[in-house]
Amino acid sequence: MQIIRFSTVNRRYGEHQALTDVTAGVKKGEVVVICDPSGSGKSTLIRTVNRLEEIKSGVIHVNGQDIHAPGLRINDFRSGIGFVFQSFNLFAHLSVIENVRLAPVCVTGRSKREAREHAAALLDRVMKSLARDGMTMVCVTHEMGFAREVSDCVWFMDSGVFLEENAPEAFFTAPQHARFKAFLSDLRVHQDGF
């Protein structure tokens, strides 16, 4: 069963087409890693899942729910989706645990104490143990070692277009798309230990 489904999703920023007809799905309990060259659409795509980015056209289903359906209670919907930003989106004046507990307090109304205990428990389990526990995850990373170790499926995008998906071993040992082969070659030059 697919828990997240993108169907011909498009997103524009003025004249820039950030996502072009993206169609893909994430199964329940699956760990999907999205990789692409910087600025090629992966962060935009992941931000559409909880409507931090609105789409121009297409449909996104989460747990069978069209997340752009009229009457969707956005805060209730978002309360069921965890979202971990890169460091520049964290509140610098808060500790890590305070950043993690902020949404449960503000969105779901948990007490600060309960949210802090829950945040501490979650932080104890990050990041690879969550994948092993069967949590459905969509990750955006340039860390190919992480992608290879914990993912069930790796997606590659370039210029907002979904180009390739495969199991990690096949993805990294026998890439199909010429653009991904070039991307891997560039990474090998810049990263040690790949």
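The paragraphs below set out a description of the structure included in this document. Position numbers for residues count from 1 along each chain, tracking the sequence in the order it is written. Owing to the predicted nature of the model, reporting of local features is limited to residues with pLDDT of at least 70; listing and counting of side-chain atom pairs is limited to 80 or more, with chain, interface and lining totals taken over all residues. Water and hydrogen atoms play no part in the side-chain values, which are based on all heavy atoms of the structure.

1. What about the side chain of Glu-164?
Then, number 1: Structurally, the position occupied by Glu-164 is in strand E8 (residues 161-166).
Then, number 2: It is Lys-181 that comes nearest to the buried, bridge-free Glu-164 among opposite-charge side chains, at 7.8 Å.
Then, number 3: Pairs of N or O atoms within 3.5 Å make up the polar contacts considered here, provided that, within protein, one atom can donate a hydrogen while the other can accept it, and that residues adjacent in sequence are counted only when both atoms are side-chain atoms. Here the side chain of Glu-164 touches His-177 through a polar contact of 2.8 Å, landing on its backbone nitrogen.
Then, number 4: Excluding residues within four positions of it along the chain, Glu-164 makes contact with Val-154, Trp-155, Phe-156, Phe-171, Pro-175, Gln-176, His-177 and Phe-180. What counts as a helix is a DSSP run of H or I of at least four residues, what counts as a strand is a run of E of at least two, and both are numbered from the N terminus. Between buried and exposed lies partly exposed: a residue is buried under 20% and exposed over 50% of the maximum accessible area for its type, with that area taken using a 1.4 Å probe on protein chains only. Only four residue types enter the charge count: Lys and Arg as positive, Asp and Glu as negative, with His and the chain ends excluded. Within this document, salt bridges are pairs made up of a side-chain nitrogen of Lys or Arg and a carboxyl oxygen of Asp or Glu, the two lying within 4 Å of each other. Any pair of residues with heavy atoms lying within 4.5 Å of one another is described as a contacting pair.

2. A word on the pattern of salt bridges
Then, number 1: Here the structure, examined in full by the defined rule, presents seven salt bridges.
Then, number 2: We note a salt bridge from Glu-54 to Arg-51, for which the minimum N-O separation is 3.1 Å.
Then, number 3: In this structure Glu-54 comes out as partly exposed when scored by relative accessible area, which is 35%.
Then, number 4: For Asp-158, the salt bridge identified is with Arg-179, shortest N-O distance 2.8 Å. Pair noted here: Asp-158 is in strand E7 (residues 153-158) and Arg-179 is in helix H8 (residues 178-190), with a separation of 21 residues, a long-range link.
Then, number 5: We classify Asp-158 as buried; its relative accessible area is 16%.
Then, number 6: On the basis of relative accessible area, Arg-179 is assigned to the partly exposed category, the value being 28%.
Then, number 7: It is possible to trace a salt-bridge network through shared partners that takes in Arg-11, Arg-47 and Glu-53.

3. Structural notes on the pairing of E7
Then, number 1: In terms of burial, E7 is a largely internal element, six of the six residues being buried.
Then, number 2: Both faces of E7 are covered, namely the face carrying Cys-153, Trp-155 and Met-157 and the face carrying Val-154, Phe-156 and Asp-158.
Then, number 3: Bridge analysis of strand E3 (residues 31-35) against E7 gives four bridges, and the strand direction is parallel. Following the sheet pairing, Val-33 is matched in E7 by Val-154.
Then, number 4: Of the pairings in the sheet, the one linking E7 to E8 comprises five bridges and is antiparallel in character. Looking across to E8, one finds that Phe-156 is bridged to Glu-164.
Then, number 5: Hairpin connection of E7 to E8: two residues between the antiparallel strands, including Ser-159 at a positive phi of 55°. When DSSP finds two or more bridges between two strands, those strands count as paired.

By themselves these figures say nothing about function.
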